[in-house]
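The lines below spell out each chain.
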Amino acid sequence: MVIAIDGPSASGKSTVSRLVAESLGFRHVDTGAMYRAVTWKMLDDGVDPADTDGVVHRLKTLRMELDFVSEESGPSALRIRLDDQDPGRKIREAQVERAVSAVAAIPQVRAWCVARQRALASRGDLVMEGRDIGTVVFPETPYKFFLDASPEVRAQRRAAERTAAGENAAVAAVAKDMTERDRLDCSRKVAPLRVADDAIRLDTSRVNARGVADLIIRHLRSRHARAACCPEQK
Ligand code: CDP
């Protein structure tokens, strides 16, 4: 079973996905971390993210290892290694964040990541978060959610996360970067960010992550109960 949770930056996807995965005993997959890791590797190897041919060439020999690791609290989550290196928190750094949408727009990068994301489903039940999980990666899953929040709330959330991590983050600068990333993610040719026709949309502007996760779990339970008694309504 795959639960797809899509949405733009700072819509609450990561926190909500982790809570849902933990409550259900599912594994958690942050697909954004995969695109960030590839971007980090390109930058680390001196490949210009704007040089599509260079990125595609480097991708041919790149090895990505994906394991699930259990932490003390929270669900079993993905650990990513690229050519035997664990980038850890480096994938969250500003230079990666500025370049990731360009790298993620390259069709070959998407195909490379999507093949690996689909393969993860054979390892067990998943909550997978991203931008195109319900539309492209697992379009057949009946369990699709799309989280969103107002741009102001999203920028404030991301700035607060950064400040808590000890970084310098003015809301206006964060908002500007986020608007640009949204623009690139929504306008790319392959797998743009959009709401799947059959996804349930949730506005997280005024509900905390626990509240959103509980809504999702309630919805899944009622859907499951309906499917068990009347399979044709699944
Ligand atoms: O943390 P935040 O929500 O801001 O971003 P993320 O989920 O870590 O994703 C980083 C970037 O990866 C996005 O801006 C997209 O360009 C790309 N991405 C994608 O193209 N497709 C996905 N399924 C997930 C992320």
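The preceding data block contains the structure.
Residues numbered from 1 in each chain as written. Predicted model: local features only at pLDDT ≥ 70, side-chain atom pairs only at ≥ 80, totals over all residues. Heavy atoms only, no water.

(A) Spatial organisation of the pattern of salt bridges. Taken as a whole, this structure holds 19 salt bridges when the rule is applied. A salt bridge links Arg79 to Asp67; its shortest N-O distance comes to 2.8 Å. With a gap of 12 residues between them, Arg79 in strand E4 (residues 77-82) and Asp67 in strand E3 (residues 64-69) connect regions that are remote in the sequence. For Arg79, a relative accessible area of 31% puts it in the partly exposed group. Glu161 is paired through a salt bridge with Arg158; the nearest N and O atoms lie 2.9 Å apart. (Salt bridge = Lys/Arg side-chain N within 4 Å of Asp/Glu carboxyl O. Helix = DSSP H or I, 4+ residues; strand = E, 2+ residues; numbered from the N terminus. Buried < 20%, exposed > 50% of the residue type's maximum accessible area, 1.4 Å probe, protein only.)

(B) Looking closely at the environment of Gly88. Relative to the helices and strands, Gly88 resides in the loop between E4 and helix H4 (94-104). With 55 residues separating them in the primary sequence, Gly88 and Ala33 have C-alpha atoms 9.8 Å apart.

(C) Structural context of empty space enclosed by the protein. Taken as a whole and judged by the stated rule, the model has 1 cavity of 30 Å³ or more. In this structure, the largest cavity spans a volume of roughly 40 Å³. Lining the largest cavity, in full, are Pro142, Tyr143, Lys144, Phe145, Asp198, Ile200, His219, Leu220 and Arg223. Going through the elements one at a time, strand E6 (144-148) and helix H9 (209-229) are the ones with two or more residues in the lining of the largest cavity. Within the lining of the largest cavity, the residues separate by chemical class into 5 nonpolar, 1 polar and 3 charged. (1 Å grid on protein atoms, 1.4 Å probe; cavity = no way out; pocket = protein on both sides within 12 Å on 5 of 7 lines; lining within 4 Å. Points joined across faces, edges and corners; volume = space filled by probe spheres on them. Nonpolar A, V, L, I, M, F, W, Y, C, P; charged D, E, K, R; others polar.)

(D) Inspection of the nonpolar core at higher detail. Formed by 37 residues in total, the largest nonpolar core has its most connected members in Val38, Ile80, Val109 and Met128. Ranked by residue count, the leading element in this core is helix H2 (residues 31-44), at 7 residues. Sequence-distant contacts of Met128, that is, excluding residues within four places in its chain, are made with Val2, Ile3, Ala4, Ile5, Val29, Thr31, Gln117, Leu120, Ile133, Val137 and Phe138. Judged by nonpolar contacts, the second largest core, of 17 residues, contains Leu19, Ala213, Ile216 and Ile217. (Core = buried A, V, L, I, M, F, W, Y, C linked by side-chain atoms within 4.5 Å. Contact = heavy atoms within 4.5 Å.)

(E) Representation of unusual backbone geometry. Although it is not a glycine, Ala10 sits at a positive phi angle of roughly 55°. For Ala10, the position within the fold is in the loop between strand E1 (2-6) and helix H1 (13-24). On the accessibility criterion, Ala10 (7% relative accessible area) is buried. Phi at Asp84 takes a positive value of approximately 70°, unusual for a residue other than glycine. Along the chain, Asp84 turns up in the loop between E4 and H4. Among the residues examined, Asp84 registers a relative accessible area of 44% and is labelled partly exposed.

(F) Representation of helix H8 (residues 171-187) in the model. Here H8 spans 24 Å end to end across 17 residues, near enough to the 24 Å set by a 1.5 Å rise per residue. Taken together, the buried residues of H8 touch H2, H4 and helix H7 (151-164). (Expected span 1.5 Å × (residues − 1).)

(G) Inspection of the site of the ligand at higher detail. Taken together, 19 residues sit near the ligand, with Arg36, Arg110, Asp132, Arg181 and Asp185 positioned nearest. Between the ligand and Arg131 there is a distance of 3.0 Å, counted from a nitrogen atom to a backbone nitrogen or oxygen. In this structure, Arg158 approaches the ligand through a side-chain N or O atom, which is 2.9 Å from an oxygen atom. For the ligand, whose free accessible area comes to 530 Å², the fraction covered by protein is 97%. At a threshold of 2 Å from the grid points, most atoms of the ligand map onto the largest pocket. Of all the elements in the fold, those that place two or more residues in the shell around the ligand are H2, H4 and H8. A per-element tally of the shell around the ligand places H2 first, with 4 residues. For the shell around the ligand, a count of residues per class yields 4 nonpolar, 5 polar and 10 charged. (Near = heavy atom within 4 Å. Polar contact = N/O pair within 3.5 Å; in protein donor to acceptor, adjacent residues only side chain to side chain. Areas by Shrake-Rupley, 256 points an atom, 1.4 Å probe, with all protein chains shown as cover. Sits in = over half its atoms within 2 Å of the grid points.)

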